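# Survey of secondary and tertiary structure
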Amino acid sequence: MAEGDRKPDAVPFRIYRGADAPDLHDTGRMTLAGLTPIVEAGIGRWVGAGVGEGNVTRVLFALPHMSLTYAWFKSGFALPLHSHDADCLYYVIAGSLRLGTEELGAGDGFFVGRDVPYSYRPGPDGVEVLEFRTVETFDMKFQGRTEAYWDKVVAGMDAARPQWDAELPPAG
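These figures come from a predicted structure and were not determined experimentally.

As a further point, take the sheet that holds strand 1 (residues 30-33). Two pairing modes exist for strands in a sheet, parallel and antiparallel, and in both the strands are linked by backbone hydrogen bonds. What the three strands build is an open sheet, ordered 1-9-4; its pairing is mixed. The sheet is open, and its two edges are formed by strand 1 and strand 4 (82-83), each paired on a single side. In the sheet, strand 1 pairs with strand 9 (residues 138-142) via four bridges, with the strands oriented parallel. Paired with Thr 31 across the strands is Asp 139, a residue of strand 9.

Another point: helix 4 (residues 147-160). With 14 residues, helix 4 should cover 20 Å at 1.5 Å per step; its first-to-last C-alpha distance of 20 Å lies within 8% of that length. Residues of helix 4 that are buried: Trp 150, Val 153, Val 154, Gly 156, Met 157 and Ala 160. Down the axis of helix 4, the sector holding all buried residues measures 150 degrees, keeping them to one side. Turned more than 90 degrees away from the buried face of helix 4 sit Glu 147, Ala 148, Lys 152 and Ala 159, all of them exposed.

Turning our attention to unusual backbone geometry. Of note, the phi angle at Asp 115 is positive, near 65 degrees, even though the residue is not glycine. Looking at the secondary structure, you find Asp 115 in the loop between strand 7 (109-112) and strand 8 (121-133). Residue class for Asp 115 comes out partly exposed when judged on its relative accessible area of 45%.

When the charged atoms of two side chains lie near each other, side chains of opposite charge can form a pair. By the definition in use, this model includes six salt bridges. The closest approach of N and O atoms between Arg 45 and Asp 151, which form a salt bridge, is 2.7 Å. Here Arg 45 is found in helix 2 (residues 37-48), whereas its partner Asp 151 is found in helix 4, with 106 residues between them in sequence. Taking relative accessible area as the criterion, Asp 151 reaches 41% and is therefore assigned partly exposed. A salt bridge links Asp 115 to Arg 114, with the nearest nitrogen and oxygen atoms 3.5 Å apart.

Reading the values: the criteria
Residue positions are counted from 1 within each chain, in the order its sequence is given. The predicted origin of the model limits local features to residues at a pLDDT of at least 70 and limits the giving and counting of side-chain atom pairs to 80 or more, whereas totals for whole chains, interfaces and linings rest on all residues. Note that water and hydrogens are dropped before the side-chain values are worked out from all heavy atoms of the structure. In this description, strands pair whenever DSSP reports at least two bridges between them. Each helix corresponds to a stretch of at least 4 residues labelled H or I by DSSP, and each strand to a stretch of at least 2 residues labelled E; elements are numbered beginning at the N terminus. Here the expected span of a helix is defined as 1.5 Å times the quantity of residues minus one. Accessible area is worked out with a 1.4 Å probe on protein chains only. A residue is then buried under 20% of its type maximum, exposed over 50%, and partly exposed in between. In this description, the arc belongs to the directions extending from the helix axis to the C-beta atoms. Just to be clear on terms, a salt bridge is a Lys or Arg side-chain nitrogen sitting within 4 Å of an Asp or Glu carboxyl oxygen.

Nothing here speaks to function; it is all geometry.
Next up, the structure:
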């Protein structure tokens, strides 16, 4: 491709630094969708059970048709069943996670298509993942539609939370 053939909005090169990466929730790149009164109340209970203590999620890089997010979920973090309106490719940096009946560790990964509900559970040392998306902004739609579902999510957080203060990211 000749220099003059480059799209006007193309970015030919960019460096990003993890130390400068903002928290995902401070960027406005992820919005909540499909909220019902039960889901809203469940999310509130989930947040109150220690969401902020159990994970770190930072946007490393974003362009209109691509984004890269780093996430560290501490051991036992209860990630509710949810979907996104964008394709997502996950790469496990360190630690492990359980996805259905599969145990994934460092170097493994998985792909989730847009609007496909999924959840995973961090292993005993937690998990660090990279999330590659085909968009800059995306939504998160929680699938838990009953109070009983959110009771189980909150109970999982309550059980895992006591050990989080001493936890460090898993060695990669």
